[in-house]
Amino acid sequence: MSNSVYMSPSVLGVDLARIADDVAKAVSGGADWIHVDVMDGHFVPNLTFGPGLVAALRRITDLPLDVHLMVERPEWYIAPFADAGASVFTFHPETTAHVQRHLEQVRACGMLAGLALNPGTPMGYAEEVVDDLDLLLIMTVNPGFPAQRYIGTVTGKIARARSLLNSRRSSARLQVDGGINRSTIGAARGAGADTFVAGSAIFDSDDPTAEVGVLRRLCETAA
């Protein structure tokens, strides 16, 4: 498990009318990345953002932009998001026929390549391409909407993902996303996660800047 904890606040949790202010608060709190959830209304039942938002975020922050695509045919969007300034490009294996090819394409475009597994997605998808991964994302909710409850049984899957990465001596980061807050982040960290996406927990708090630090300290306590 990496000793370095990364916090990746999700703009899915911001007030879009004040997105620049909210992102600035997260940056001031010590955020490492900014997370952008991209949904197409097909793979998940919601519509959110596209490359235009990433380009806008790139104009207001130098932090890596951590883009998570919950869309069908993610290969269509590799170049557009790279051109917009994305730093990390994560997609789901169920959404395309050629996972390994597209991981290579992501890296060729200068981004870190990530694979996301839903709670019901077998770990075998990651086992086949672990050497092509810079990031493995374990969803701790079924994706689509913010402010969902962390699925406790997925903690064991996080531990299995950590064992997989360690057994292959992979340097890929192990990210978790969904229901991450003060009550759940310790369990995810203890199971081996090192990169944490949180939206509502940060941006619905009284002090988003302070909340980033609180969550980081809880990780350090749990490690």
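Above this note sits the structure.
Residues numbered from 1 in each chain as written. Predicted model: local features only at pLDDT ≥ 70, side-chain atom pairs only at ≥ 80, totals over all residues. Heavy atoms only, no water.

A. Structural view of the environment of R160. Along the chain, the position of R160 falls in helix 6 (residues 154-167). When the C-alpha positions of R160 and A191 are compared, they lie 8.4 Å apart, and in sequence the two are 31 residues distant. (Helix = DSSP H or I, 4+ residues; strand = E, 2+ residues; numbered from the N terminus.)

B. Highlighting unusual backbone geometry. Backbone geometry at R73 places phi at a positive 55°, although glycine is not the residue there. Mapped onto the fold, R73 is located in the loop between strand 3 (65-70) and helix 3 (78-84). The backbone of R169 sits at a positive phi, close to 50°, despite the residue not being glycine. Mapped onto the secondary structure, R169 falls in the loop between helix 6 and strand 7 (173-177).

C. The layout of surface pockets, seen in detail. Counted as a void, the largest pocket has a volume near 340 Å³. Along the walls of the largest pocket sit 26 residues, with P146, A147, D177, G178 and G179 positioned nearest its centre. For the lining of the largest pocket, the secondary-structure elements that each account for two or more residues are strand 2 (34-39), strand 3, strand 8 (195-198) and helix 8 (200-203). (1 Å grid on protein atoms, 1.4 Å probe; cavity = no way out; pocket = protein on both sides within 12 Å on 5 of 7 lines; lining within 4 Å. Points joined across faces, edges and corners; volume = space filled by probe spheres on them.)

D. Just the pairing of strand 8, in detail. Residues T195 and V197 of strand 8 are buried on one face, and the alternating residues F196 and A198, pointing to the opposite face, are buried as well. Of the strand pairs in this sheet, strand 7 and strand 8 are connected by three bridges, and their pairing is parallel. The partner of D177 across the bridge, within strand 8, is V197. A crossover links strand 7 with its parallel partner strand 8, the connecting element being helix 7 (residues 185-191), and its sense is right-handed. (Buried < 20%, exposed > 50% of the residue type's maximum accessible area, 1.4 Å probe, protein only. Pairing = 2+ DSSP bridges. Right-handed = clockwise from strand over helix to strand, strands pointing away.)

E. Representation of helix 4 (residues 99-108) in the model. Regarding helix 4, the residues found buried are V99, H102, L103 and V106. The arc that holds the buried residues of helix 4, viewed along the axis, is 105°, so those residues lie on one side. Buried-residue contacts for helix 4 involve helix 3, strand 4 (88-91) and strand 5 (112-117). With its phi angle positive at about 90°, G110 sits one or two positions after the end of helix 4. (Arc of directions from axis to C-beta. Contact = heavy atoms within 4.5 Å.)

F. Spotlight on helix 9 (residues 208-222). Here helix 9 spans 21 Å end to end across 15 residues, near enough to the 21 Å set by a 1.5 Å rise per residue. Buried within helix 9 are the following residues: P208, E211, V212, G213, V214, L215, R216 and C219. Taken together, the buried residues of helix 9 touch strand 1 (6-9), helix 1 (19-28), helix 7, strand 8 and helix 8. (Expected span 1.5 Å × (residues − 1).)

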